[in-house]
Structures are given as structure tokens and as C-alpha cells.
Amino acid sequence: MKKLLTRLFIAMLILTFIPTMNTQAKAKIKLNKTKISLQRGKTYTLKVKGTKKKVKWSSNKKTIATVTRKRSQL
């Protein structure tokens, strides 16, 4: 009986330290466009799907794309 209680106690300890799995699937964050070609001087506003958090846009290649704060009127 003592061995059974010891094994049960050890099993409970092990199960306590095993992280529980999150069964909910995380929403995938996607852009409404992955590629776009624009003529010089034209603008396009990308939209993010799958989150309500604020997005911070940036561009490292200013000759390819620039980022501004103002919204375009499309």
C-alpha cells in the first residue's frame, strides 16, 4: 500500500510540472497583399488581418518603398 501511494504521489508531481497544451489555435496574422506594383507617385495602404493590435510600418529600402503617417484616399 505504501508503494502504491508513493507511486501515485510521484505521478501527481510529474503531472503538475508538465505544461498544459493550449488547444486554441492562434489566429494567423496576414497582409491583404503580399506583392503589389505601383507607378511612381501612387500610393497603396496595406491592411492587416487577424489582429486588432496597432501595427508599426517601416521600410529599410527608401528607393523601393517609403512609409508615411498620412492615410491615402483610395
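Everything here concerns the structure above.
Residues numbered from 1 in each chain as written. Predicted model: local features only at pLDDT ≥ 70, side-chain atom pairs only at ≥ 80, totals over all residues. Heavy atoms only, no water.

**Side note on the overall build of the protein**
For step 1, the next point in the chain: Across its full length, the protein holds one helix and two strands.
For step 2, the next point in the chain: The order of helices and strands in the protein, counted from the N terminus, is α-β-β.
For step 3, the next point in the chain: Of the contacts formed within the protein by residues at least 6 apart in sequence, a portion of 17% connects residues at least 24 apart.
For step 4, the next point in the chain: Summing over all exposed atoms, the protein offers an accessible surface of approximately 8600 Å²; the carbon and sulfur share of this is 58%. (Helix = DSSP H or I, 4+ residues; strand = E, 2+ residues; numbered from the N terminus. Contact = heavy atoms within 4.5 Å. Areas by Shrake-Rupley, 256 points an atom, 1.4 Å probe, with all protein chains shown as cover.)

**Examining a nonpolar patch on the surface**
For step 1, the next point in the chain: A cluster of nonpolar residues, M1, L4, L5, L8 and M12, forms a patch on the protein surface that exposes about 590 Å² of accessible area.
For step 2, the next point in the chain: By secondary structure assignment, the location of L4 is in helix α1 (residues 2–17). (Patch = residues over 30% accessible without salt bridge, like charges linked within 9 Å, V, L, I, M, F, W, Y side chains within 5 Å. Salt bridge = Lys/Arg side-chain N within 4 Å of Asp/Glu carboxyl O.)

**Digging into a positive patch on the surface**
For step 1, the next point in the chain: Side chains of K28, K30, K47 and K49 sit close together on the surface and give a patch of like positive charge.
For step 2, the next point in the chain: Note on placement: K47 falls in the loop between β1 (30–31) and β2 (48–49).
For step 3, the next point in the chain: Given a relative accessible area of 51%, K47 falls into the exposed group. (Lys, Arg positive; Asp, Glu negative; His and termini not counted. Charge placed at Lys NZ, Arg CZ, Asp CG, Glu CD. Buried < 20%, exposed > 50% of the residue type's maximum accessible area, 1.4 Å probe, protein only.)

**Examining α1**
For step 1, the next point in the chain: In a regular helix each residue adds 1.5 Å, so 16 residues correspond to 22 Å; α1 covers 23 Å between its end C-alpha atoms and thus fits that length.
For step 2, the next point in the chain: Little of α1 sits inside the fold, with zero of its 16 residues counted as buried. (Expected span 1.5 Å × (residues − 1).)

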